[in-house]
Amino acid sequence: MKKRFVLLLVCALCLSLFTGCGDIEIGSAPTPALAEETAAAGETAAAEEIAGGGISVITLTGTGAEVSGGGVSIDGSVVTIASPGEYSVSGNLSDGCIVVNTGEVKGDVRLTLDNASITCLDGAAIRVEQTKNFDLVLGDGTENRLVSGREGDAPVAKLEGAVLFSEDDVDILGGGLLEIRGYLNNGITCKDDLDIKGGTLTVTAVNNGIKGSESVEITGGEISVTAGNDGIKSTSARKEGKGYVLISGGTVAVESVGDGISAETTMEISGGAISVTTTGDRELVSSKALKAKGALTVSGGELTLVSEDHAIHSTSDLAVTGGTLSVLSREGKGFSSHAVLTISGGTIDLRSGDDGIEALSALAISDGEITVLAGADGLKAGNKETASGTLDISGGTIKVNAYGDAIDAKTAASISGGSFVGTGTSKRPQGFAGGTQCSVRFSFPGAADSVAQVQDESGAVIGEIASSCAYTYALFSSPELAPGSCRLVCGTLEAAAAAN
């Protein structure tokens with residue numbers, strides 16, 4: 001009887017256990033949506049933990065690293081930042097890199113360099129693979145260094161060869177110093193928007209110095225670039241409104257074999273001190289100081305440009321509304337626009353081996369202090385291919401010395417204001433044929449570095465013709481010039497002409 005009771009008890013217990021397992025098996029499981037929400041919540045919590053827990057400190061130890069805080073994994077000499085938040089890095093890494101990849105977590109990563117030195121022999125010292133925005137902060141008073149490759153390495157074509165490479169937006173700021181040496185490819189490559197707001201940045205690269213594919217904005221800092229190809233450039237116009245370069249402040253010095261500063265679309269310079277020197281053979285490579293495929297505008301700043309090719313070039317409109325520009329083009333044109341070129345302000349001192357200021361469509365000057373010494377024509381509107389082009393002067397103080405024509409407008413040249421002094425050597429010189437202000441053209445054998453006086457009928461001096469090169473004719477116009485006979489006098493030489 002006891003045995004039967006024990007057997008029944010065991011059977012009942014087994015049935016109870018079986019029924020319990022069945023309840024778990026057929027019960028409701030978490031839906032995919034809930035699973036995703038749970039995972040997202042976990043990621044968000046991790047991100048908030050990093051952000052709320054202060055700065056994670058990374059200390060480089062030569063061949064590896066140590067970390068105090070979360071969000072960082074270390075695999076040998078590869079340090080990976082995997083969560084949004086704030087980080088700092090110090091110490092030395094002899095052959096390794098920092099990788100930023102927050103995956104699907106949308107958030108910013110702010111990395112402060114605190115006397116850090118990172119060398120990666122076969123790629124980027126800092127590689128940003130995925131994040132919302134990457135802030136690279138140069139700690140105040142710190143000295144930092146990023147290197148890819150070794151001096152003497154053969155350049156490589158891969159983008160990852162940039163010392164600082166990013167798939168996403170990059171902001172560079174702070175008060176420290178950062179030296180970048182790119183022996184493999186570029187110094188900085190950002191495939192989105194690159195903003196430089198502060199710091200002292202020295203970039204040396206065998207290829208491009210600083211490249212922000214969709215845009216480059218410089219609002220502050222001290223930036224020095226030495227590049228085997230282009231100095232500073234944007235390259236992508238796939239998104240509407242992108243591909244631009246904007247400089248509104250800071251100090252920028254560029255020495256490049258290729259173009260100094262180049263924009264895939266528009267370029268705007270409104271401030272800052274900018275120095276560009278290009279050294280490439282213009283027959284082999286584009287070596288312009290400033291180049292834009294869209295409109296190019298200079299409204300402020302102090303610009304010193306020395307180029308082998310054109311100094312300032314736009315395949316669209318070019319406008320100078322302010323600023324101080326000292327320009328030398330050894331082989332090319334000073335200013336070159338494939339459309340309309342306007343000057344409405346600024347101080348311009350321009351020397352060129354070819355034409356001084358050229359627009360293929362129209363050249364209009366309404367203000368500014370402009371001095372031109374040109375190896376060919378001084379002011380030019382249109383060319384042999386266009387067969388049309390207008391020159392209109394309505395203001396400004398303009399002095400042109402040219403080894404070709406002082407002015408060359410394929411359609412018409414007019415003057416309605418301002419003052420104009422020009423010399424040239426053409427056998428068929430052009431004068432002003434329209435406008436509301438009188439002008440006069442003299443045939444005159446002027447010597448280099450000579451000064452001749454423009455006198456009215458009474459002998460009163462109303463202007464001067466000063467030229468740094470020999471000339472065969474001179475043009476003069478000013479508000480004081482009245483219709484009638486006038487003379488050009490230099491020592492014993494004298495020529496008469498009628499102003500109209």
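Further up the page is the structure itself.
Residues numbered from 1 in each chain as written. Predicted model: local features only at pLDDT ≥ 70, side-chain atom pairs only at ≥ 80, totals over all residues. Heavy atoms only, no water.

## Some remarks on the overall build of the chain
From N to C terminus, the chain includes 2 helices and 47 strands. Taking the contacts inside the chain whose residues are at least 6 apart along the sequence as the reference set, 49% of them involve residues at least 24 apart. For the chain, the accessible surface area stands at approximately 21400 Å², while carbon and sulfur atoms represent 52% of it. (Helix = DSSP H or I, 4+ residues; strand = E, 2+ residues; numbered from the N terminus. Contact = heavy atoms within 4.5 Å. Areas by Shrake-Rupley, 256 points an atom, 1.4 Å probe, with all protein chains shown as cover.)

## Considering the sheet that holds strand E43 (residues 450–455)
Across a sheet, strands are paired by hydrogen bonds formed along the backbone, either parallel or antiparallel in direction. The sheet built from 4 strands is open, its strands ordered E44-E43-E46-E47 with antiparallel pairing. Of all the strands in the sheet, the pair left with one neighbour each is strand E44 (461–467) and strand E47 (493–499). Neighbour to neighbour, the strand axes of the sheet diverge by 25° on average, direction disregarded. Relative to E44, E43 runs antiparallel, the two being bridged by 6 bridges. Bridge pairing links Val 454 to Gly 463 in E44. (Pairing = 2+ DSSP bridges. Axes fitted to C-alpha atoms, helices over the stretch in contact; angles between N-to-C directions.)

## Some details on the pairing of strand E10 (residues 143–148)
For strand E7 (residues 108–120) and E10, the ladder comprises 4 bridges, and the chain directions are parallel. Looking at E10, one finds that Ser 117 is bridged to Arg 145. Bridge count for E10 against strand E13 (residues 177–182) is 6 bridges, and the pairing is parallel. In the sheet register, Leu 146 faces E13, and the bridge partner there is Ile 180.

## Remarks on the nonpolar core
In this structure, Ile 126, Phe 335 and Leu 379 are the most contacted members of the largest nonpolar core, which totals 93 residues. Phe 442, Tyr 471, Ala 497 and Ala 499 belong to the second largest nonpolar core, which has 17 residues in total. (Core = buried A, V, L, I, M, F, W, Y, C linked by side-chain atoms within 4.5 Å. Buried < 20%, exposed > 50% of the residue type's maximum accessible area, 1.4 Å probe, protein only.)

## Focus: the pattern of salt bridges
This model, assessed by the stated rule, comprises 21 salt bridges. Two residues, Glu 308 and Arg 330, come together in a salt bridge whose shortest N-O distance is 2.9 Å. Taken together, the positions of Glu 308 in the loop between strand E28 (302–307) and strand E29 (312–314) and Arg 330 in the loop between strand E31 (324–329) and strand E32 (335–337) put the pair 22 residues apart, joining distant regions of the chain. (Salt bridge = Lys/Arg side-chain N within 4 Å of Asp/Glu carboxyl O.)

## Points about the environment of Gly 123
In this fold, Gly 123 is placed in the loop between E7 and strand E8 (126–130). Classification of Gly 123 as buried rests on a relative accessible area of 7%. The spacing of Gly 123 and Val 156 is 33 residues in sequence and 9.7 Å in space, taken between C-alpha atoms.

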